[in-house]
Amino acid sequence: MKHPTEFQVSLFVDGDLPSAKGRELEEHFDVCDSCREYLEFLRELKAVARELDAPEPPDIADEVIRRRIAAGSA
Amino acid sequence: MPLQELLAKVENGDERSLRRLMDEHGALVYGVALRITGSEADAADIVQDVFIGLPEAVPLFDGGSFRGWLTVLVTRQAYMRLRSEERRRRLEAEVAPPRRARSHEAEVLSRHDLETAIAGLPDDLRVVFVLKEVEGLSHDEVATALGISVGLSRVRLFRARRELMDRLTQ
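Each value, and the rule that gives it
- Residues numbered from 1 in each chain as written.
- Chains lettered and ligands numbered in written order.
- Predicted model: local features only at pLDDT ≥ 70, side-chain atom pairs only at ≥ 80, totals over all residues.
- Heavy atoms only, no water.
- Phe/Tyr/Trp six-rings, centres within 6.5 Å; stacked < 30°, edge-to-face > 60°.
- Contact = heavy atoms within 4.5 Å.
- Buried area = accessible area lost by both parts, 1.4 Å probe.
- Salt bridge = Lys/Arg side-chain N within 4 Å of Asp/Glu carboxyl O.
- Polar contact = N/O pair within 3.5 Å; in protein donor to acceptor, adjacent residues only side chain to side chain.
- Helix = DSSP H or I, 4+ residues; strand = E, 2+ residues; numbered from the N terminus.
- Disulfide = S-S within 2.5 Å.
- Buried < 20%, exposed > 50% of the residue type's maximum accessible area, 1.4 Å probe, protein only.
- 1 Å grid on protein atoms, 1.4 Å probe; cavity = no way out; pocket = protein on both sides within 12 Å on 5 of 7 lines; lining within 4 Å.
- Points joined across faces, edges and corners; volume = space filled by probe spheres on them.
- Nonpolar A, V, L, I, M, F, W, Y, C, P; charged D, E, K, R; others polar.
- Expected span 1.5 Å × (residues − 1).

Q: For this particular structure, what's the right way to read the packing of aromatic side chains?
A: How two aromatic rings sit relative to each other is set out by the distance from centre to centre and by the angle between their planes. This model, assessed by the stated rule, comprises five aromatic pairs over all chains. Three or more aromatic residues link up through ring pairs in this structure, and these residues are Phe-61, Phe-66 and Trp-69 of chain B.

Take a look at the structure:
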């Protein structure tokens, strides 16, 4: 097959391609270094994004309670 | 304490229950707000606004994933701030898109590099990337949160990836 579009590879990474099209891309990745390289980058991007830490939140509990009381609703 | 019981207490104005929710979910709300707005000050304001309004918002919780529901709630607040022209002008000088030499064939992508690159994405792309890839929402959930179609969510995620690749591999 000809090279898939980058959008198709993006859909493939998310499992959003129809299964027949997905198999077609898998076969292409086996024989095309440049497309496989792009696929591997997207997979790495996805994996690292899921590993990002939640930043430490500021301590706002007292302020939230104070403002609710001030608003007369706590 | 089961979540539904905790939420019922929050709805009735119980201070300890609200504090417990802030302890358990403050990091999630702050993380989403910070990554969407790119501003610690805005994110702190949003966290306060979300939790101050939570007792009134709880009745709207549909009983599905509370984490997902809360993420949508904070996203909408953060998105409104993004659209503030005043904020946009203030941040224009602060956001410097990272550009650094890197070959993605030879190196492992670092979390720090990715955080920096995400912060430099255009607003519309950054929001979708954060919700879908960092917070793990589905395209359906992203589309609902932002009021866009699932197809547009997929396109924006693709464009975000494209831009991140450019930024991380140049």
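Once the structure has been displayed, the description carries forward.
Q: Even after reading the chapter, I still don't get the interface of chain A and chain B, so can you show me in this structure?
A: Often, the extent of an interface is quoted as the loss of accessible area on bringing the components together. Each partner contributes to the interface: chain A provides 36 residues, whereas chain B provides 47 residues. In total, chain A and chain B occlude about 3600 Å² of area from one another, counting both sides; carbon and sulfur atoms represent 64% of this. The largest contributions to the chain A side of the interface with chain B come from Phe-41, Leu-52 and Arg-68 of chain A, which together make up 17% of the buried area. The interface formed by chain A and chain B holds nine salt bridges in total. Between Lys-132 of chain B and Asp-14 of chain A there is a salt bridge; the shortest N-O distance is 3.9 Å. At the surface where chain A touches chain B, the tally comes to 13 residue pairs in polar contact (both at pLDDT 80 or more). Where the side of chain A that touches chain B is concerned, the elements lending two or more residues are helix 1 (6-13), helix 3 (33-51) and helix 4 (61-70) of chain A.

Q: I'm lost on the state of the cysteines in this one. Help?
A: Note: disulfide means a covalent bond formed between the sulfur atoms of two cysteine side chains. Residues and elements named next belong to chain A. Applying the stated rule across the entire model yields zero disulfides over all chains. Unpaired in terms of disulfides, Cys-32 finds its nearest cysteine sulfur in Cys-35, a separation of 3.6 Å. Judged by its relative accessible area of 8%, Cys-32 is buried. For Cys-35, a relative accessible area of 9% translates into the label buried.

Q: Hey, could you run me through the side chain of His-25 of chain B in this one?
A: Inspection of the secondary structure puts His-25 of chain B in helix 2 (residues 15-37). Discounting residues that sit within four places of it in the chain, His-25 of chain B has contacts with Phe-51, Phe-66 and Leu-70 of chain B.

Q: Which parts of the structure should I look at to understand the layout of surface pockets?
A: Residue and element names in this part refer to chain B. A volume near 230 Å³ is recorded for the second largest pocket. Around the second largest pocket sit Asp-62, Gly-64, Ser-65, Gly-68, Trp-69, Val-72, Leu-73, Arg-76, Leu-137, Glu-141, Thr-144 and Ala-145, which together line it. The set of elements that each furnish at least two residues to the lining of the second largest pocket consists of helix 5 (66-82) and helix 9 (139-146). For the lining of the second largest pocket, the element with the highest residue contribution is helix 5, accounting for five residues. Taken together, the residues that form the lining of the second largest pocket break down as five nonpolar, four polar and three charged.

Q: What's the story with the pattern of salt bridges in this structure? I'm lost.
A: Two side chains of opposite charge can pair, provided their charged atoms sit close to one another. Applying the stated criterion across every chain, the model contains 26 salt bridges over all chains. Here Asp-14 of chain A and Arg-161 of chain B are joined by a salt bridge, their closest N and O atoms 2.8 Å apart. In this pair, Asp-14 of chain A sits in the loop between helix 1 and helix 2 (19-31) while Arg-161 of chain B sits in helix 10 (residues 150-169), so the two residues belong to two different chains. Across the pair, exposure class does not vary: Asp-14 of chain A and Arg-161 of chain B are buried alike. Here Asp-33 of chain A ties to Arg-36 of chain A by a salt bridge, and the two come within 2.5 Å at their closest N and O atoms. In this pair, Asp-33 of chain A and Arg-36 of chain A both sit in helix 3, three residues apart, roughly one turn of the helix. Owing to a relative accessible area of 54%, Asp-33 of chain A belongs among the exposed residues under this scheme. Looking at Arg-36 of chain A, the relative accessible area reads 28%, which means it is partly exposed. Through salt bridges with shared partners, a single ionic network connects Asp-14 and Lys-46 of chain A together with Lys-132, Glu-133 and Arg-161 of chain B.

Q: I tried to follow helix 10 of chain B on my own but got confused; where do I start?
A: Count 3.6 residues to each turn of an α-helix, and residues three or four apart come out pointing the same way. With 20 residues, helix 10 of chain B should reach 28 Å at 1.5 Å per residue; the first-to-last C-alpha distance of 28 Å fits that figure. Summarising the contacts, the buried residues of helix 10 of chain B are in contact with helix 1 and helix 3 of chain A together with helix 5, helix 7 (111-119), helix 8 (123-134) and helix 9 of chain B.

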